[in-house]
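Each chain is listed here by its residues.
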Protein chains: 2
Amino acid sequence: MTLAVLGPKGTFSCELAEKIRNENEEIILFPTIRDVFTAVLEKNIRGIVPVENSEAGGVGETLDGLLQTECRITAEYYMPIRHFFVSRYSPDEISVIYTHPQSHEQCSIYLNGMKRASLIHTSSNAQSAKEASFISGSAAVTTESAAKLYDLPILQKDIQNSLNNTTRFLEISAGALDPDDPEKCSVVIIPRENRPGLLYGILGIFAQRGINLTRIESRPSKEGIGRYVFFIDFETDPGWQETITELKKITGVKELGCYRKKDYV
Amino acid sequence: MTLAVLGPKGTFSCELAEKIRNENEEIILFPTIRDVFTAVLEKNIRGIVPVENSEAGGVGETLDGLLQTECRITAEYYMPIRHFFVSRYSPDEISVIYTHPQSHEQCSIYLNGMKRASLIHTSSNAQSAKEASFISGSAAVTTESAAKLYDLPILQKDIQNSLNNTTRFLEISAGALDPDDPEKCSVVIIPRENRPGLLYGILGIFAQRGINLTRIESRPSKEGIGRYVFFIDFETDPGWQETITELKKITGVKELGCYRKKDYV
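Bear in mind the structure is a predicted one, so any value in this text is a computation, not a measurement. (Residues numbered from 1 in each chain as written. Chains lettered and ligands numbered in written order. Predicted model: local features only at pLDDT ≥ 70, side-chain atom pairs only at ≥ 80, totals over all residues. Heavy atoms only, no water.)

Asker: Give me the lowdown on the sheet that holds strand β8 (residues 118–121) of chain B, citing residues and values where you can.
Answerer: Residue and element names in this part refer to chain B. Taken together, the five strands give an open sheet; going across it, the order is β8-β7-β9-β6-β10, and neighbouring strands pair in mixed fashion. Two strands close off the open sheet at either side, each with one partner strand: β8 and β10 (154–157). When the angles between neighbouring strand axes are averaged without regard to direction, this sheet yields 20°. By the bridge criterion, three bridges tie strand β7 (residues 96–99) to strand β9 (residues 138–142) in an arrangement that is parallel. Bridging from a neighbouring strand, Val-96 pairs with Ser-138 of β9. The strands that helix α6 (residues 125–134) touches are β7 and β9; relative to β9, the one it contacts most, it runs at about 160°. (Pairing = 2+ DSSP bridges. Helix = DSSP H or I, 4+ residues; strand = E, 2+ residues; numbered from the N terminus. Axes fitted to C-alpha atoms, helices over the stretch in contact; angles between N-to-C directions. Contact = heavy atoms within 4.5 Å.)

Listed below in structure tokens is the structure:
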């Protein structure tokens, strides 16, 4: 078995994959989230992708992958996100800090206090550590595993703004069947028309049956500004199957999968 | 008068600022969107910030600035977004392409075809051009003005996935009064509790009065995963003042400003 994950080694996605992989399951790393979706479909394997963070919000590339490919959601994972400030230099020697833009946003309070150093954005938390491993006078915001990988001393741990910082990940699979006893489902609503009250009508279908929505997120439909699709996650309260039937009568619906709720990993 | 804008010179924000500035109005550039919000409040000037793109979605830093500061929205602007592929080298000599992550997303189809070159993410479209101006064998995805600024030949224009690619910008001001005849208003709903059907009830207040929502976007409340605030833009159809009064009876509401609709610039 193989698990497709966003690389390089040392990212939060990799840390999660190491925790949840089955014995003998091989982890294969890909440079982009879109490549993970492609590998899952072409090789018929499972993949792990981040979908939302409690500070930075939704991950657009994952939402677009769910909208545009036939991958199905088969599980979810919640992972506490801990950022580390690492460097081979003392604080007053540091003139440049490498950070992924999302990590910058999630550690903005700590980083705003580092006025003397300039910030350079990178493509991943692992890349930040890699830069800091060979650039003179540099530091990085990174993961614990990347700090170990590049042998970088930790100057400060837990520099994230919120100690509740959490990322929700999805397991995606090709051609998977839903479990018999799902606890949550995800759909994306693709409006056929742009009429007032449509979203109200959609939410009414859930509200009338007392179905609890756990998340709603709009994304551009990419058909022009002001046109949106809506990602909705809901719990499988009694009557949930009917909601999908009813939704399809008034709007376009793509079912993304039903799955069991997960504890923190 | 002064106009605060996200820099460096050559970004889309700068291109817009050049088009809309009043005669004698000086443009001051800031390194982050948060710095634009701070300058607007501290210097009592107007600022320009991007809020959503038709391909990449909402700009989190702007939404967070609206939620967390006392800046008010006083106007909106829609700007067609055109990306340019620039380089001093011929296509088969190019081994590295500099691109801002959002520009990468918006030009993914064109860039996916450039398999031989590796992609490096930068902090702005202007930075991408700057890198390509002195790194051997490099190219950049950038703006027309940055291509001119760094004297980089345009190899291909309009490489964005969609020819409808548009960014909506907001003008923000400190302590501004709403106009007498606004056409649109923006609010952020800050739920005091996390109860089923709350969002349905909120949308009902608009729907019952036939008020047209032009946008709804959820953002993490930053109080833990699964807790959200909702940014809502609506048109000032008759009865719109009552909707704000009614909303405040059932949920937390922060009014972000009312303003005139704008044409494309």
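Asker: Mind laying out the UniProt feature "domain: Prephenate dehydratase" (unreviewed entry) in chain A, listing which residues take part and the relevant values?
Answerer: Feature annotation in UniProt places "domain: Prephenate dehydratase" (unreviewed entry) on residues 2–174 of chain A, given in this structure's numbering. The span residues 2–174 of chain A shows a helical share of 32% and a strand share of 35%, and its end C-alpha atoms are spaced 13 Å apart. (UniProt positions renumbered as here; feature names shortened; annotations may be inferred.)

Asker: I'd like a description of the UniProt feature "domain: ACT" (unreviewed entry) in chain A, backed by residues and values.
Answerer: The sites that carry the UniProt feature "domain: ACT" (unreviewed entry) are, in the present numbering, residues 187–260 of chain A. For residues 187–260 of chain A, the helix share is 30%, the strand share is 38%, and the end-to-end C-alpha distance is 15 Å.

Asker: Any chance you could break down the packing of helix α2 (residues 33–43) of chain B against helix α3 (residues 60–68) of chain B for me, citing the residues and the numbers?
Answerer: Residue and element names in this part refer to chain B. Running from amino to carboxyl end, α2 crosses α3 at an angle of 30°, the nearest separation of the two axes being 9 Å. Between α2 and α3, the angle is such that the two are roughly parallel. Crossing hand, α2 versus α3: right-handed. Where α2 abuts α3, its residues Ile-33, Arg-34 and Phe-37 lie against Glu-61, Thr-62, Asp-64, Gly-65, Leu-66 and Gln-68. For the contact of α2 with α3, the per-class residue count stands at three nonpolar, three polar and three charged. (Parallel < 35°, antiparallel > 145°, perpendicular 65-115°, else oblique. Left-handed = near helix turned anticlockwise from the far one by under 90°. Nonpolar A, V, L, I, M, F, W, Y, C, P; charged D, E, K, R; others polar.)

Asker: Tell me about the layout of surface pockets, and please be specific about residues and values.
Answerer: For the second largest pocket, the calculated volume is near 740 Å³. Taken together, 37 residues form the lining of the second largest pocket, with Asn194(A), Gly226(A), Tyr228(A), Leu213(B) and Thr214(B) sitting closest to its centre. Elements that contribute at least two residues to the lining of the second largest pocket include exactly α8 (198–208) and β14 (228–235) of chain A together with β5 (71–80), α8 (198–208), β13 (213–220) and β14 (228–235) of chain B. Here the lining of the second largest pocket gets four residues from one element, more than from any other, and that element is β13(B). Residues that form the lining of the second largest pocket fall into these classes: 18 nonpolar, seven polar and 12 charged. (1 Å grid on protein atoms, 1.4 Å probe; cavity = no way out; pocket = protein on both sides within 12 Å on 5 of 7 lines; lining within 4 Å. Points joined across faces, edges and corners; volume = space filled by probe spheres on them.)

Asker: Go over the interface of chain B and chain A, please, and point to the residues and values.
Answerer: Residue-level contacts link 39 residues of chain B with 39 residues of chain A. The three residues of chain B that bury the most area against chain A are Tyr200(B), Ile225(B) and Tyr228(B), which together make up 23% of that side's buried surface. Across the chain B-chain A interface, the total number found is two salt bridges. Note that Glu105(A) and Arg219(B) form a salt bridge whose closest N and O atoms lie 3.5 Å from each other. For the interface between chain B and chain A, the tally reads nine residue pairs in polar contact (both at pLDDT 80 or more). (Buried area = accessible area lost by both parts, 1.4 Å probe. Salt bridge = Lys/Arg side-chain N within 4 Å of Asp/Glu carboxyl O. Polar contact = N/O pair within 3.5 Å; in protein donor to acceptor, adjacent residues only side chain to side chain.)

Asker: Got a sec to walk through the packing of aromatic side chains? Specific residues and values, please.
Answerer: Residues and elements named next belong to chain B. Overall, the coordinates contain five aromatic pairs over all chains when judged by the stated rule. For the pair Phe-206 and Phe-234, a centre-to-centre distance of 5.1 Å together with 55° between the ring planes defines the contact as tilted. Of the two residues, Phe-206 sits in helix α8 while Phe-234 sits in strand β14, which places them 28 residues apart along the sequence. When its relative accessible area of 0% is taken as the criterion, Phe-234 is described as buried. (Phe/Tyr/Trp six-rings, centres within 6.5 Å; stacked < 30°, edge-to-face > 60°. Buried < 20%, exposed > 50% of the residue type's maximum accessible area, 1.4 Å probe, protein only.)

Asker: Explain the state of the cysteines to me, and be specific about the residues and the numbers.
Answerer: This model, assessed by the stated rule, comprises two disulfides over all chains. Between the sulfur of Cys185(A) and that of Cys258(A) lies a disulfide, 2.1 Å long from S to S. Between Cys185(A) and Cys258(A) the sulfur-sulfur dihedral comes to about 105°; the bridge is accordingly right-handed. In this pair, Cys185(A) sits in strand β12 (residues 184–190) while Cys258(A) sits in strand β15 (residues 252–259), placing the two residues 73 residues apart along the sequence. You'll find Cys185(A) and Cys258(A) in the same group, each marked buried. Here Cys71(B) is not cross-linked by a disulfide; its sulfur's nearest cysteine counterpart is in Cys258(B), at 16 Å. (Disulfide = S-S within 2.5 Å.)

Asker: So what's going on with the pairing of strand β1 (residues 2–6) of chain A? Residues and values would help.
Answerer: Residue and element names in this part refer to chain A. For β1, a buried count of five out of five residues is recorded, marking the element as mostly surrounded by other parts of the structure. Judged by which residues are buried, β1 turns out to be covered on both faces: Thr-2, Ala-4 and Leu-6 on one side and Leu-3 and Val-5 on the other are all buried. Two strands pair when backbone bridges link them, and β1 and strand β2 (residues 26–30) are joined in this way by five bridges, in the parallel orientation. Within β2, the position partnered with Ala-4 by the bridge is Ile-28. Assessed by its sense of winding, the connection that carries the chain from β1 through helix α1 (residues 12–20) to β2 is right-handed. Alignment of β1 against strand β3 (residues 46–53), held across three bridges, turns out to be parallel. Looking at β3, one finds that Val-5 is bridged to Ile-48. (Right-handed = clockwise from strand over helix to strand, strands pointing away.)

Asker: Go over the sheet that holds strand β8 (residues 118–121) of chain A, please, and point to the residues and values.
Answerer: All names here are of chain A. As summarised here, the arrangement of the five strands in space is β8-β7-β9-β6-β10, forming an open sheet in which the pairing is mixed. In this open sheet, the two strands that pair with only one neighbour each are β8 and β10 (154–157). Taking each pair of neighbouring strands and ignoring which way they run, the sheet shows an average axis angle of 20°. This element, helix α6 (residues 125–134), spans β7 (96–99) and β9 (138–142) of the sheet and lies at about 160° to β9.

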